[in-house]
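Listed below, chain by chain, are the residues.
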Amino acid sequence: MRALSARVKRLYESLRTSREHLEAEDEERSASRRGTDPIGSLTSRQRTCVSGVLQAVTYRSSQDKPILVGQLYDGTGSIDLVWWGRRRIPGIKPGAHLLAEGRVADGTHRQQIHNPAYRLLGPGQ
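Residues numbered from 1 in each chain as written. Predicted model: local features only at pLDDT ≥ 70, side-chain atom pairs only at ≥ 80, totals over all residues. Heavy atoms only, no water.

> I'd like to hear about the overall build of the chain, residue by residue, with values.
A tally of helices and strands in the chain yields two helices and six strands. If you list the helices and strands of the chain from N to C, you get α-α-β-β-β-β-β-β. In the chain, which comprises 125 residues, the share counted as buried stands at 34%. Considering only contacts in the chain between residues 6 or more positions apart, those separated by 24 or more positions represent 52%. Accessible surface, the chain as shown: approximately 8,200 Å² in total, 49% of it carbon and sulfur. (Helix = DSSP H or I, 4+ residues; strand = E, 2+ residues; numbered from the N terminus. Buried < 20%, exposed > 50% of the residue type's maximum accessible area, 1.4 Å probe, protein only. Contact = heavy atoms within 4.5 Å. Areas by Shrake-Rupley, 256 points an atom, 1.4 Å probe, with all protein chains shown as cover.)

So, in structure tokens, the structure goes:
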């Protein structure tokens, strides 16, 4: 009887869980499966390989150069991927899954990786 009660409780908790929470858990499992570093545990100046989904992509106009910024989320946190001198990059758009490598820097709102090496990930990767 106790086992049934525990299963019913887990089922109830899973039904109460928000869509955002479920997506975050899914991203965290995917990043772990890929063997990448959790974004939530990164430290400044650390060389890293991270993966996740781009939640937002913005273009910022600087005085001299354009800047493209993608906010990468992996379920543990977010980091800004900053490409200097770029207005757009094919495939870099909200909802895209990617793997990025580079050195972590402190940013105004979030940590950043400047001009990261990246690879777009397809479904199931």
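We are not done yet, so read on.
> A description of the side chain of threonine 48 should follow, citing residues and the corresponding values.
Inspection of the secondary structure puts threonine 48 in strand β1 (residues 47-61). Only 2.7 Å separates the side chain of threonine 48 from the side chain of aspartate 37, close enough to count as a polar contact. Residues within four places of threonine 48 in sequence aside, it is in contact with Asp37, Leu42, Ala100, Glu101, Gly102, Val104 and Ile113. (Polar contact = N/O pair within 3.5 Å; in protein donor to acceptor, adjacent residues only side chain to side chain.)

> Explain the pattern of salt bridges to me, and be specific about the residues and the numbers.
According to the stated counting rule, one finds one salt bridge in the structure shown. A salt bridge links arginine 110 to aspartate 80, with the shortest nitrogen-to-oxygen separation between them at 3.0 Å. Placement of the pair is arginine 110 in the loop between β4 (97-105) and β5 (112-114) and aspartate 80 in strand β3 (residues 78-84), with a sequence separation of 30 residues. Classification of aspartate 80 as buried rests on a relative accessible area of 3%. (Salt bridge = Lys/Arg side-chain N within 4 Å of Asp/Glu carboxyl O.)

> Break down the pairing of β1 for me, with residues and values.
Two faces make up the sheet, and in a regular strand the side chains alternate between them. With seven bridges joining them, β1 and β4 adopt antiparallel strand pairing. Note that in β4 the partner of valine 50 across the bridge is alanine 100. Sheet analysis places β1 next to strand β2 (residues 66-73), joined by eight bridges and oriented antiparallel. The residue of β2 that forms the bridge with valine 57 is glycine 70. (Pairing = 2+ DSSP bridges.)

> Tell me about the side chain of aspartate 74, and please be specific about residues and values.
Assignment of secondary structure puts aspartate 74 in the loop between β2 and β3. At 3.2 Å, the side chain of aspartate 74 and the backbone nitrogen of glycine 77 are in polar contact.

> Tell me about the confidence of the model for the chain, residues and numbers included.
Chain-level statistics for the chain give a pLDDT mean of 85 and a share of 84% at 70 or above. Model confidence for the chain, summarised as mean pLDDT per element, is weakest for helix α1 (residues 2-16) at 67 and strongest for β5 at 96. (pLDDT = per-residue confidence, 0-100.)

> Tell me what's going on with unusual backbone geometry, and back it up with residues and numbers.
Phi at arginine 45 takes a positive value of approximately 75 degrees, unusual for a residue other than glycine. Judged by its relative accessible area of 68%, arginine 45 is exposed. If you check the backbone angles, asparagine 115 has positive phi at about 45 degrees while not being a glycine. Looking at where asparagine 115 falls in the secondary structure, it is placed in the loop between β5 and β6 (117-121). Of the residues examined, asparagine 115 reaches a relative accessible area of 45% and is grouped as partly exposed.

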